[in-house]
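# Tertiary structure, described
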Amino acid sequence: MGVVRLSGSEARGISEKILRFRAGHEWSPWAVALAELIDDSGAAVDQVVVAYFAAPRSYTAEDLVEISCHGSPVVLRFCLERACAAGARLAEPGEFTLRAYLNGRIDLPQAEAVRDLIEATTLYQARVAAQQVEGSVSKRIRPAKEQLVELIALLEAGIDFAEDDISVAPAEEILRRLRPIEQALAALASTFDYGKLVHSGITLAIVGRPNVGKSSLFNRLLEQDRAIVTDIPGTTRDLVSELAAIHGIPVKFVDTAGIRSGQDLVETLGIERSYQAMAEADVTLVVLDLAAPIHPDDLALMERAQRQGRWILVGNKADLPRGAEPAADFIAVSALTGEGIERLRERIAPMASVEQDSGFITSIRHEQLLRESMEALAQARKATEFGIPHEMLLLDLYAALRPLDAITGATTADDILNRIFSTFCIGK
């Protein structure tokens, strides 16, 4: 199937020019009807199903018609050409969602979540994006933003209506009101570490000496034969990468060349790429052969991985008699039998198993804007503690409000005024 969508006040009129409905057809919102897609001479080209969504209860908050054709590219192109000839135009990329935002149907976080939903590569990513489309991020920001607007209204009223005996808030009251706003924004900003993991995933490099079973472990984690496995040392000469999901988190696995003194130029270049993969990876798996004694190259590799950051020590060939017992904490696995593989998966994405609030942020733009708002609130706190006049304090509060507006939508002067007059009984 293929769907052609028409949005705007002329959606129904254009549809009637290119479709032939059954006698007595009337447009009924949120219902479907059978019709024929016709050419200029009135000959039927396809039998289609037409759904109509009346404004404002549609995706774009405009009249919306969806024509479901059979999936032939020729038919779909013909339907588009007929619609354009009848007065429509081709939508720009993302224009339907843009119209939904401009018409107040969704806010910016919801619009961005639509993009994330389209680009999701795992089911968990799709679920998170779907929650954000429903407004999970906005719901977490909204209470803090409302508290900030109330504080601004309080100070504005104290300045603008001083002659009406409206008391100016003391410093203690301002600090009391600032505290929960700062705490709420800090709590939301702290979720970005997890949100980034969900949105972008991680890169994992598998490194070790030749023949410790890196490629076998790579294939086992992927649950497919992606890398060549032999008993000959140095089989892997170049990086082999593949994307998979662990507990819903996208993980790019990188199998590397065995690290040893290169036997030829090609293998030496492969080893250099292994070191580069280690440097660029979010997580490094250092693989040891538990059936053989610990080699000095193993110790050097472990030391290098420890210096570079997050790493996991894996002892492979746990199904064979032990020939070594690493001093460091390690996970014993068998790429051959699958022993310990699930425990390794848990270590690779430890945060994935933690139950998270649905309102975490996955966008670096949101995280940066929250940080900007928190910095302005910190300045407002300092200004209050030093007794700075409220006219100057308001500059910091508005500076804190603007980044939140950039996430959820603008706060207008009317919003502030309405809050002032609904909060204080001025009555003049």
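Residues numbered from 1 in each chain as written. Predicted model: local features only at pLDDT ≥ 70, side-chain atom pairs only at ≥ 80, totals over all residues. Heavy atoms only, no water.

### So, the packing of helix H9 (residues 214-222) against helix H12 (residues 341-348)
H12 packs onto H9 with a crossing angle of 80° between their chain directions and a minimal axis gap of 11 Å. When the axes of H9 and H12 are compared, the pair comes out roughly perpendicular. From H9, Leu217, Arg220 and Leu221 reach across to H12, where they touch Ile341, Leu344, Arg345 and Ile348. Tallied by class, the residues present in the contact of H9 with H12 amount to 5 nonpolar, no polar and 2 charged. (Axes fitted to C-alpha atoms, helices over the stretch in contact; angles between N-to-C directions. Helix = DSSP H or I, 4+ residues; strand = E, 2+ residues; numbered from the N terminus. Parallel < 35°, antiparallel > 145°, perpendicular 65-115°, else oblique. Contact = heavy atoms within 4.5 Å. Nonpolar A, V, L, I, M, F, W, Y, C, P; charged D, E, K, R; others polar.)

### Some points on a nonpolar patch on the surface
On the surface, a nonpolar cluster with roughly 440 Å² of combined accessible area is contributed by Phe386, Ile388, Met392 and Leu395. Within the secondary structure, Ile388 sits in the loop between helix H13 (364-385) and helix H14 (390-408). (Patch = residues over 30% accessible without salt bridge, like charges linked within 9 Å, V, L, I, M, F, W, Y side chains within 5 Å. Areas by Shrake-Rupley, 256 points an atom, 1.4 Å probe, with all protein chains shown as cover. Salt bridge = Lys/Arg side-chain N within 4 Å of Asp/Glu carboxyl O.)

### So, the sheet that holds strand E5 (residues 64-69)
The strand order across the open sheet built from 5 strands is E1-E5-E4-E3-E2, with neighbouring strands paired in antiparallel fashion. Across the chains shown, the open sheet's two edge strands, defined by having one partner strand only, are strand E1 (2-7) and strand E2 (19-21). With strand direction ignored, the average angle separating the axes of adjacent strands in the sheet is 35°. Inspection of the sheet shows E2 paired to strand E3 (residues 31-38) by 3 bridges, in the antiparallel sense. Opposite Arg20, over in E3, you have Glu36 as the bridge partner. Sheet contacts for helix H2 (residues 73-85): E1, E3, strand E4 (44-53) and E5; angle to E1, the most-contacted strand, approximately 15°. (Pairing = 2+ DSSP bridges.)

### Some remarks on helix H4 (residues 108-119)
Helix length check: H4, at 12 residues, gives a terminal C-alpha distance of 17 Å against a target of 16 Å (1.5 Å per residue), a fit within 8%. Of all the positions in H4, only Pro109, Gln110, Ala111, Glu112, Ala113, Val114 and Asp116 are classed as buried. (Expected span 1.5 Å × (residues − 1). Buried < 20%, exposed > 50% of the residue type's maximum accessible area, 1.4 Å probe, protein only.)

### Side note on the packing of helix H5 (residues 123-133) against helix H8 (residues 192-200)
For any two helices packed against each other, the geometry is given by the interaxial angle and the distance between the axes. Relative to each other, H5 and H8 sit at 125°, their axes nearing to 9 Å. Here H5 lies oblique to H8, going by the angle between them. As for the relative orientation of H5 and H8, their crossing is left-handed in sense. Facing Tyr124, Gln125 and Val128 of H5, the residues of H8 in contact are Tyr194, Val198 and His199. Classifying every residue of the contact of H5 with H8 gives 4 nonpolar, 2 polar and no charged. (Left-handed = near helix turned anticlockwise from the far one by under 90°.)

### Some remarks on the pairing of strand E10 (residues 311-316)
Of all 6 residues that make up E10, 5 are buried, and the element is covered over most of its length. Of the pairings in the sheet, the one linking strand E9 (residues 283-289) to E10 comprises 6 bridges and is parallel in character. Bridge pairing in E10 links Val286 to Leu313. Remark: the E9/helix H11 (residues 296-308)/E10 crossover connection has right-handed handedness. As paired strands, E10 and strand E11 (residues 331-332) are joined by 2 bridges and run parallel to one another. Within E11, the position partnered with Gly315 by the bridge is Ala332. (Right-handed = clockwise from strand over helix to strand, strands pointing away.)

### Section: H13
In an α-helix, one turn spans 3.6 residues; hence positions three or four apart end up facing the same way. The end-to-end C-alpha distance of H13, which contains 22 residues, comes to 32 Å, matching closely the 32 Å that a straight helix rising 1.5 Å per residue would cover. For H13, the full list of buried residues reads His366, Glu367, Leu369, Leu370, Ser373, Ala376, Leu377, Ala380, Arg381, Ala383 and Thr384. With a side-chain oxygen positioned 3.2 Å from the backbone nitrogen of Arg365, the residue opening H13 is Ser363. Two residues or fewer after H13 comes Gly387, characterised by a positive phi angle close to 70°. (Polar contact = N/O pair within 3.5 Å; in protein donor to acceptor, adjacent residues only side chain to side chain.)

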